[in-house]
Amino acid sequence: MKVSEEKREVRKATLGEALLSFGLLAVIMAIAIIKYGVDPHVPMFCGVIVATLISLKIGYKYEELEQAMIEGITKAMQSALILMVIGILIGVWMVSGVVPSMIYYGLNILSPKIFLPATMIICSITSLATGTSWGTAGTMGIALIGIAQGLGIPAGITAGAALSGGYFGDKMSPLSDTTNLAPAMAGTDVFTHVKYMLKATGVSYLIAMVVFVTVGLKFGGGDAELQGIINLQTAIKSQFNVSPILMLPPVIVIATIAKKMPAIPGITLGILIAAVMGPIFQGKGCDLGAIFDCGMNGYVATVENLPADVAALFTPDELDAFLSLLSKGGIMNMMFSVSMTIIAMMFGGIVEMTGQMEIIVKQILKLVRSDAGLVVLTEITCIFSNMTMPEQYISIVVPGRMYAQTYQERGLHPKCLSNALESAGTVSGAFIPWHTCGVFMSTTLGVPIWGAGGYAPWLVFNYVQIVVTAVFAYLGITVTKMTDEEKKILAETGHVS
């Protein structure tokens, strides 16, 4: 006969316990990354240990905490799968000559003075059509980084322009997961949500465009830069057979996802088409074995494969940059991102189940007096969520669940909440080094987030969007009251347009 388990009192975390958990994580992260410059994985795992110990003290069993970790990881599994598939895509597109062809022909079209605004526009259109900033970075972003090298434009600025465009599209596209998730959490529909975002997002986009137009004017097309373009094209042609036909895989990926095919099948189709075209255009250097290897380990460009006369065109630093440009992709090169995602979501799962984030926000909510202040608090909560439970979807789901009732009680239309969720939750992950978005963008583009040459200072649209939404809230533009009829509909159905 089984002995019944003793009754346990399991409570939610107190404010002090929650602050201790988050505070120690912040301190450990700061010391590890700022002082020692190490990767964020082990420091984040230390945060998991702290959160676990505090939760054990509260009264939770380890088995419960382990299940919370697993559930947290499960919420990010789609992101992890996309990471691996895009890793295969990049490796196969490199060895088959798809990305080199995109770079080669892009150098013919784009000039330095218009390059940065053109980059933002190209990535905006791609992301609007596909609904994914990740897919945009993994296709157009990589090609544009390569073109920037030939034009003498820093990779960090280019990445900032590309991601500014990518996140604009991700935020505004009805095909985007977050664009559908935010109104679902708030209690409205996607078209009401997108229409309501237009003013603040449009102003933010224009400000970012002015910045990139102004910065782009600094880069002029002198003889040295023109020769650099010619040298880069010569080196590409010495390694690959370039052809406009090799533009077909990215066009098909964009078209299929725009037609609402799920991201993973759409990306996989792009891999398969490139795998067929590669041997046709590249010959024996792109046989089935090379495709499998590059899908797993990425394409590796070596100086030994360059003709001596071509290698002589570059300085040692330029040669290293060229080889680094083409050495990308593969599942294994995405494992940095996947492992970071898993560890981060272990922490996120614990603090969500034990109420550690919820108690902090509830205390702050007591200080909010105005409707505009509530919108700003929602944005802050989304950013805080991205920093502590670093997965984009959670930064929309958790604050959305937490604030929906408060917005309703204040008579605010759900579109106010959905706008605030997207204006901070969707865009803020890219500048957090341990966030799934930040890790993916940095790994994929080959550009650090912070530090020398980092892209974070150039995420103009992302920063401006957060600020503009807050300012517009105090101006009354992103704060809208419901009519009595709308209040009645929301109370009865939980949803209002």
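Just above, that's the structure.
This one's a predicted model, so the numbers in the text were calculated from it and none came from an experiment. (Residues numbered from 1 in each chain as written. Predicted model: local features only at pLDDT ≥ 70, side-chain atom pairs only at ≥ 80, totals over all residues. Heavy atoms only, no water.)

The secondary structure content of the protein amounts to 24 helices and zero strands. Against the 2.2 N^0.38 benchmark of 23 Å for 497 residues, the protein shows a C-alpha radius of gyration of 24 Å, consistent with a compact globule. Seen through its C-alpha atoms, the protein measures out along the principal axes to roughly 75 × 60 × 40 Å. Relative to its full complement of 497 residues, the protein shows a buried share of 57%. Within the protein, contacts between residues separated by at least 24 positions form 82% of all contacts whose residues are at least 6 apart in sequence. About 20500 Å² of surface is accessible on the protein, with carbon and sulfur atoms providing 67% of the total. For the protein, the centre of its 28 positive side-chain charges and the centre of its 32 negative side-chain charges are spaced 8 Å apart. (Helix = DSSP H or I, 4+ residues; strand = E, 2+ residues; numbered from the N terminus. Rg over C-alpha atoms; globule rule 2.2 N^0.38 Å. Buried < 20%, exposed > 50% of the residue type's maximum accessible area, 1.4 Å probe, protein only. Contact = heavy atoms within 4.5 Å. Areas by Shrake-Rupley, 256 points an atom, 1.4 Å probe, with all protein chains shown as cover. Lys, Arg positive; Asp, Glu negative; His and termini not counted. Charge placed at Lys NZ, Arg CZ, Asp CG, Glu CD.)

In a soluble, globular protein the nonpolar side chains are often hidden away together inside. Counting residues in each nonpolar core, the largest one holds 156 residues, and the members touching the most others are M44, F115, L116, Y407 and Y455. Element by element, the count of residues in this core is highest for helix α4 (residues 77-95), at 11 residues. Leave out the neighbours within four places in its chain, and M44 touches L25, M29, M340, I343, A344, F347, P390 and W434. (Core = buried A, V, L, I, M, F, W, Y, C linked by side-chain atoms within 4.5 Å.)

Tallied over the full model, the rule gives nine aromatic pairs. For the pair F431 and Y463, a centre-to-centre distance of 5.0 Å together with 15° between the ring planes defines the contact as stacked. Residue F431 is located in the loop between α21 (414-426) and α22 (436-445), and its partner Y463 is located in helix α23 (residues 460-474); the two are separated by 32 residues in the primary sequence. In textbook terms, an aromatic cluster arises when at least three aromatic residues are bridged by ring pairs, as seen for F22, F347 and F384. (Phe/Tyr/Trp six-rings, centres within 6.5 Å; stacked < 30°, edge-to-face > 60°.)

Now for a nonpolar patch on the surface. On the surface, F45, I49, L53, L56 and Y62 cluster together into a nonpolar patch covering about 460 Å² of accessible area. It is helix α2 (residues 41-58) that provides the largest number of residues to the nonpolar patch, a total of four residues. Within the secondary structure, L56 sits in helix α2. (Patch = residues over 30% accessible without salt bridge, like charges linked within 9 Å, V, L, I, M, F, W, Y side chains within 5 Å. Salt bridge = Lys/Arg side-chain N within 4 Å of Asp/Glu carboxyl O.)

The subject of this paragraph is helix α13 (residues 263-282). An ideal rise of 1.5 Å per residue puts 28 Å on 20 residues; α13 measures up with 27 Å between its terminal C-alpha atoms. The sharpest bend along α13 measures roughly 25° and falls at V276, with the proline P279 sitting one to four residues further on. Immediately beyond the C-terminal end of α13, within one or two residues, lies G283, with a positive phi of roughly 75°. (Expected span 1.5 Å × (residues − 1). Bend = angle between axes of the 7 residues up to and from the residue.)

It is at 11 Å that the axes of helix α7 (residues 133-151) and helix α16 (residues 316-326) come closest, and there the two elements cross at 165°. Regarding the angle of α7 to α16, the classification is roughly antiparallel. Between α7 and α16 lies a crossing of left-handed hand. Of the residues in α16, those in contact with I145, G146 and Q149 of α7 are E318, A321, F322 and L325. A per-class count over the contact of α7 with α16 returns four nonpolar, two polar and one charged. (Axes fitted to C-alpha atoms, helices over the stretch in contact; angles between N-to-C directions. Parallel < 35°, antiparallel > 145°, perpendicular 65-115°, else oblique. Left-handed = near helix turned anticlockwise from the far one by under 90°. Nonpolar A, V, L, I, M, F, W, Y, C, P; charged D, E, K, R; others polar.)

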